[in-house]
Amino acid sequence: MGDIYFGEIRKALRKHTVCGFILILFAGYIIYLVSEVYGKAGGEQYSYRAYQKLAATVDSENLPKEIERLERESEDFSDKELYTDSFQAEYALYDEVLRQMRHVAGYAEYADGMVENAQKGEISLFQENNYTRREQEKTVRDFGRLRTYPVTFAPYRGVYLLAGFDFGDIVILVILVLLVASLVTMEKENWTLPLLHSTFHGRRRVGAAKFLGGLSLLLSGIVFLFACKSLIILATYGTGDWNGEVQSVYPYGFCWYGICVWEFLVLSAIGRIMGYFALYAALFFWLLLLKGE
């Protein structure tokens, strides 16, 4: 089985057109990342240095006054030194930092509102039973946890850049489709399918080897792309307080679980990989049935 597995990987890598296209996608994604982080294409784009400099001026222990200060500064940039190259980029920069500050400053009110909404949740008379009541009580308890998490301000932009979807996810989807199509159609193209059908356990073993070989290649591509993304973002924006509560990051304030930033990033990466594996498996077996293998 091991020889067949490695043989399938070697056969997939010998398809120079597919491999060349995948390498072009890899290079394109790295260029995209570098231009997003380091480049200054004009418009609303600001550099990571500008973001870090402005965030460093914020006194996280006195957010209400700091919010007022930044709001005053953002009303008129003509009398101050800019962090960016244009007023438009400066507005975008201030808006980004202020959004994070407002999230932290108003989090207690946000959590109270979520609990209150959960408590007011109505159940139809036709649906009311022990199960629906238990579900509503569980929802109230889950949202009640939000009140207990100590949120703090930090430059967390790198966190949601790492966890968010971007062009790299499209690249992985394209690679996934190319791998599956290549592996499933390879024997038909080489006219070796009748031979496999006539051998003892030929279809089963080769099918398993193809599936695992493609899965290994897909995992290698995902790890490579995520490693590039992590290195570039960690070297520029960083992740703020690595051990801070994930609720401090404004896109994830609704998270019910008491986990820190690094735990959230690990779970997010694992969840995304599992999603790609599930999609790969579904597409592989669908094409296998379609091709009559």
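As a starting point, this report considers the structure included with it. Predicted, not measured: the structure shown is a model, and the values here were computed from it.

What counts and how
Residues numbered from 1 in each chain as written. Predicted model: local features only at pLDDT ≥ 70, side-chain atom pairs only at ≥ 80, totals over all residues. Heavy atoms only, no water. Helix = DSSP H or I, 4+ residues; strand = E, 2+ residues; numbered from the N terminus. Buried < 20%, exposed > 50% of the residue type's maximum accessible area, 1.4 Å probe, protein only. Contact = heavy atoms within 4.5 Å. Areas by Shrake-Rupley, 256 points an atom, 1.4 Å probe, with all protein chains shown as cover. Axes fitted to C-alpha atoms, helices over the stretch in contact; angles between N-to-C directions. Parallel < 35°, antiparallel > 145°, perpendicular 65-115°, else oblique. Left-handed = near helix turned anticlockwise from the far one by under 90°. Nonpolar A, V, L, I, M, F, W, Y, C, P; charged D, E, K, R; others polar. Core = buried A, V, L, I, M, F, W, Y, C linked by side-chain atoms within 4.5 Å.

When helices and strands are counted, the protein chain shows twelve helices and zero strands. Counting the 293 residues in the protein chain, one finds 43% classified as buried. Once local pairs closer than 6 in sequence are excluded, the contacts in the protein chain between residues at least 24 apart make up 77%. When the accessible surface of the protein chain is summed, it comes to about 16,500 Å², and 61% of that surface belongs to carbon and sulfur atoms.

A word on the packing of helix α4 (residues 63-75) against helix α5 (residues 87-105). For the pair α4 and α5, the least separation of the axes is 10 Å and the interaxial angle reads 160°. If you check the angle between α4 and α5, you find them roughly antiparallel. The handedness of the crossing between α4 and α5 is left-handed. Across the interface between the two elements, Leu63, Glu66, Ile67, Leu70, Glu71, Glu73, Ser74 and Glu75 of α4 pack against Tyr91, Tyr94, Val97, Leu98, Met101, Arg102, Val104 and Ala105 of α5. By residue class, the composition of the contact of α4 with α5 is ten nonpolar, one polar and five charged.

Now for the nonpolar core. Of all hydrophobic cores here, the largest spans 74 residues; its most connected members are Leu70, Val97, Met101, Leu218 and Tyr280. Top contributing element to this core by residue count: helix α12 (residues 261-290), with ten residues. The residues touching Leu70, leaving out its near neighbours within four places in the chain, are Leu54, Val58, Tyr94, Val97, Leu98 and Met101.

Everything listed here is a matter of coordinates, which is why it stays silent on function.
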